[in-house]
Amino acid sequence: LRGTGHLLKEAASKNINRYYIDHAYFEPGYEGDSWLRISKNKHTINYMKDVSSFRWDKYFSKKNPISPWKKNNQRGGNILIIPPTNAICWYFNSYDWEKNIINFLSKNLKNEDFKKVKIRVKPNEPIVDKNGNYLGLKKNEEFENVSLEEDLLNSSIVIAYNSQVALDATLRGIPVIVDNHNSCFELSFKLIDLLKGLNNPVFEIEPDRLRLCKWLSYCQFKLDEIKSGFAWKTINNFQN
């Protein structure tokens, strides 16, 4: 937005290191000495490394519990889809993502399962023109005033592009299918897993969620860690 997308694309095209800062994976928000995720040469961290549990244990584990992995009969019935915003569609040229997902599901799911598809959009979505210039926020008329908590409670699986809702679902023990611009990419199931329906036994196999949580804890920082240089050293020591 406001030119940063152009800046990041230009840096990538010239092989210049770039550091993208946005909402944190855990404890997101911008007030006070807030946590911020920083991704070197990526929009989000979408790979895993083995690191100490120190930061996860000290800062995040108590407020972000990893719930037991849910069996098929313990999950809701819906297929929750979180599409990319218009601005993200421009940045990654992913305008057809939602349409392609819906087409796949309509062709491969049983009718009763396809009826359980629910698309969750943002109430206010950033809009850009074809050149990526920011036009403002659009109020989505199709937005339902349903809490994320309720939507996840009623979901059997979450399909997302880049949304961090996938991380929320993962922590709650709900399987996710995500694009490679998502922090849960290495824990993602596949669309073809749905060919055997929502009760496919593969969805009962728990991915290594703790490993992801420990790693993401080393990829977000408080403002004082940024000011002190700790973030800079940690990012360049650990991130690809």
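Given the structure is predicted, the values throughout are model-derived calculations rather than measurements.

Scoring rules and cut-offs
- Residues numbered from 1 in each chain as written.
- Predicted model: local features only at pLDDT ≥ 70, side-chain atom pairs only at ≥ 80, totals over all residues.
- Heavy atoms only, no water.
- Core = buried A, V, L, I, M, F, W, Y, C linked by side-chain atoms within 4.5 Å.
- Buried < 20%, exposed > 50% of the residue type's maximum accessible area, 1.4 Å probe, protein only.
- Helix = DSSP H or I, 4+ residues; strand = E, 2+ residues; numbered from the N terminus.
- Contact = heavy atoms within 4.5 Å.
- Salt bridge = Lys/Arg side-chain N within 4 Å of Asp/Glu carboxyl O.
- Pairing = 2+ DSSP bridges.
- Axes fitted to C-alpha atoms, helices over the stretch in contact; angles between N-to-C directions.
- Arc of directions from axis to C-beta.

Caption draft 1: Representation of the nonpolar core. In terms of nonpolar packing, the biggest core is built from 31 residues, with Phe-26, Val-158, Trp-215 and Leu-216 touching the most fellow members. Counting residues per element, the ones that place at least two in this core are α2 (54-60), β3 (78-82), β7 (155-160), α7 (165-171), β8 (176-178) and α8 (209-217). In this view, Val-158 contacts Leu-80, Ile-82, Leu-152, Ala-169, Ile-174, Pro-175, Val-176 and Ile-177; residues no more than four positions away in its chain are not counted. Listed in part, the 24 residues of the second largest apolar core include Ile-88, Trp-90, Leu-109 and Phe-203.

Caption draft 2: Expanded view of the pattern of salt bridges. With the rule as written, the count across this model stands at 10 salt bridges. Two residues, Asp-50 and Arg-211, come together in a salt bridge whose shortest N-O distance is 2.7 Å. With a gap of 161 residues between them, Asp-50 in the loop between β2 (35-40) and α2 and Arg-211 in helix α8 connect regions that are remote in the sequence. Taking relative accessible area as the criterion, Asp-50 reaches 65% and is therefore assigned exposed. A salt bridge links Lys-118 to Asp-151; the shortest N-O distance between them is 2.5 Å.

Caption draft 3: Structural context of the sheet that holds β2. Across the sheet, which stays open at both edges, the three strands sit in the order β1-β2-β9 with antiparallel pairing between neighbours. Two strands close off the open sheet at either side, each with one partner strand: β1 (19-23) and β9 (220-222). Geometrically, the sheet is characterised by an average inter-axis angle of 35° between neighbouring strands, direction not taken into account. Of the strand pairs in this sheet, β1 and β2 are connected by five bridges, and their pairing is antiparallel. In the strand pairing of β2, Tyr-19 is matched with Lys-40.

Caption draft 4: Spatial organisation of the pairing of strand β6 (residues 134-139). Sheet topology places strand β5 (residues 124-128) next to β6; five bridges connect them, and they run antiparallel. When the bridges of β6 are listed, Val-128 appears paired with Tyr-134.

Caption draft 5: Just helix α1 (residues 4-13), in detail. Among the residues making up α1, those that are buried are Gly-5, Leu-8 and Ala-11. Around the axis of α1, the buried residues are gathered within 130° of arc, so they sit on the same side. When the buried face of α1 is taken as reference, the exposed residues oriented beyond 90 degrees from it are Leu-7 and Ser-13. The inward-facing, buried residues of α1 abut β1 and α3 (86-92). A positive phi of about 60° marks Asn-15, the residue just after α1.

Caption draft 6: Main features of α8. Buried within α8 we find Arg-209, Leu-212, Cys-213, Trp-215, Leu-216 and Ser-217. Packed against the buried residues of α8 are α2, α7, β9 and α10 (230-238).

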